[in-house]
Amino acid sequence: MTASRPGLRNAPPPFEDVNLFASDVALQEAVAREGGQSSARQLNAFGIVCGSSEAADRARLANLNPPSLSSHDRHGERIDRIDYHPAFHDLMQTSLSEGLGGGRSSA
């Protein structure tokens, strides 16, 4: 048994607090091959943020609380609203701040 995960003998440790860019040799090689060396510092910083235990916790919360559709309000009027857990919004904001999604460029 491990002290960090009691009761689990044959399980890897949580994949948290890992720099997802620095730990991915293939990604680093691809960035270099495709001429992205000037972005290596930014990618390294983003790898730290995305591999943090805080990001993993938000991801777990977002996965445990899927979006829910509210098709009508309490008066029976059609609203077609989708509600997301705040963790989902946090993760999206993290990605958008780096220029991912929505076609926005960080350059």
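Structure: see above.
What you are looking at is a predicted structure, and each value in this text was computed from that prediction instead of being measured.

**Student:** I'd like a rundown of the overall build of the protein, residues and numbers included.
**Tutor:** Helix and strand counts for the protein stand at four helices and two strands. Along the protein, helices (α) and strands (β) appear in the sequence α-α-α-β-β-α when read from the amino end. The buried share of the protein, reckoned over its 107 residues, is 15%. Long-range contacts, defined here as pairs at least 24 residues apart, represent 46% of the contacts in the protein between residues at least 6 apart. Accessible area for the protein stands at about 8,100 Å²; split by element, carbon and sulfur atoms hold 55% of it.

**Student:** Hey, could you go over the environment of R41 for me, with residue numbers and the actual values?
**Tutor:** Within the secondary structure, R41 sits in helix α2 (residues 40-50). Owing to a relative accessible area of 73%, R41 belongs among the exposed residues under this scheme. As for R41 and F21, which are separated by 20 residues in sequence, their C-alpha atoms are 9.9 Å apart.

**Student:** Give a description of the pattern of salt bridges that names residues and reports values.
**Tutor:** Enumeration according to the criterion identifies five salt bridges in this entry. With a closest N to O distance of 2.7 Å, E16 and R60 form a salt bridge. Of this pair, E16 sits in the segment before α1 (25-33) while R60 sits in helix α3 (residues 53-64), and the two are 44 residues apart along the sequence. According to the relative accessible area criterion, E16 is partly exposed, its value standing at 23%. Between E34 and R33 there is a salt bridge, with the nearest N and O atoms lying 3.1 Å from each other. An identical accessibility class is assigned to E34 and R33; each is exposed.

**Student:** Hey, could you go over the pairing of strand β2 (residues 78-83) for me, with residue numbers and the actual values?
**Tutor:** For strand β1 (residues 68-72) and β2, the ladder comprises four bridges, and the chain directions are antiparallel. Its bridge partner lying in β2, H72 is registered against R78. Two successive antiparallel strands, β1 and β2, enclose a turn made up of five residues, where G76 displays a positive phi of approximately 90 degrees.

**Student:** Tell me about the packing of aromatic side chains, residues and numbers included.
**Tutor:** Counted by the stated rule, this structure contains one aromatic pair. Here Y84 and F88 contribute two aromatic rings whose centre-to-centre distance is 4.6 Å and whose plane-to-plane angle is 20 degrees, an arrangement assigned as stacked. Judged by relative accessible area, Y84 falls into the partly exposed class, the value being 32%. With a relative accessible area of 32%, F88 lands in the partly exposed category.

**Student:** Account for unusual backbone geometry, with residues named and values stated.
**Tutor:** You will see that D17, though not glycine, has its phi angle at about 55 degrees, which is positive. Inspection of the secondary structure puts D17 in the segment before α1. Under the relative-accessibility criterion, D17 is labelled exposed at 59%. A positive phi angle is found at D80, which is not glycine, with a value near 45 degrees. Position of D80 among the secondary structure elements: in strand β2. With relative accessibility at 43%, the residue D80 sits in the partly exposed group.

The rules behind each value
- Residues numbered from 1 in each chain as written.
- Predicted model: local features only at pLDDT ≥ 70, side-chain atom pairs only at ≥ 80, totals over all residues.
- Heavy atoms only, no water.
- Helix = DSSP H or I, 4+ residues; strand = E, 2+ residues; numbered from the N terminus.
- Buried < 20%, exposed > 50% of the residue type's maximum accessible area, 1.4 Å probe, protein only.
- Contact = heavy atoms within 4.5 Å.
- Areas by Shrake-Rupley, 256 points an atom, 1.4 Å probe, with all protein chains shown as cover.
- Salt bridge = Lys/Arg side-chain N within 4 Å of Asp/Glu carboxyl O.
- Pairing = 2+ DSSP bridges.
- Phe/Tyr/Trp six-rings, centres within 6.5 Å; stacked < 30°, edge-to-face > 60°.

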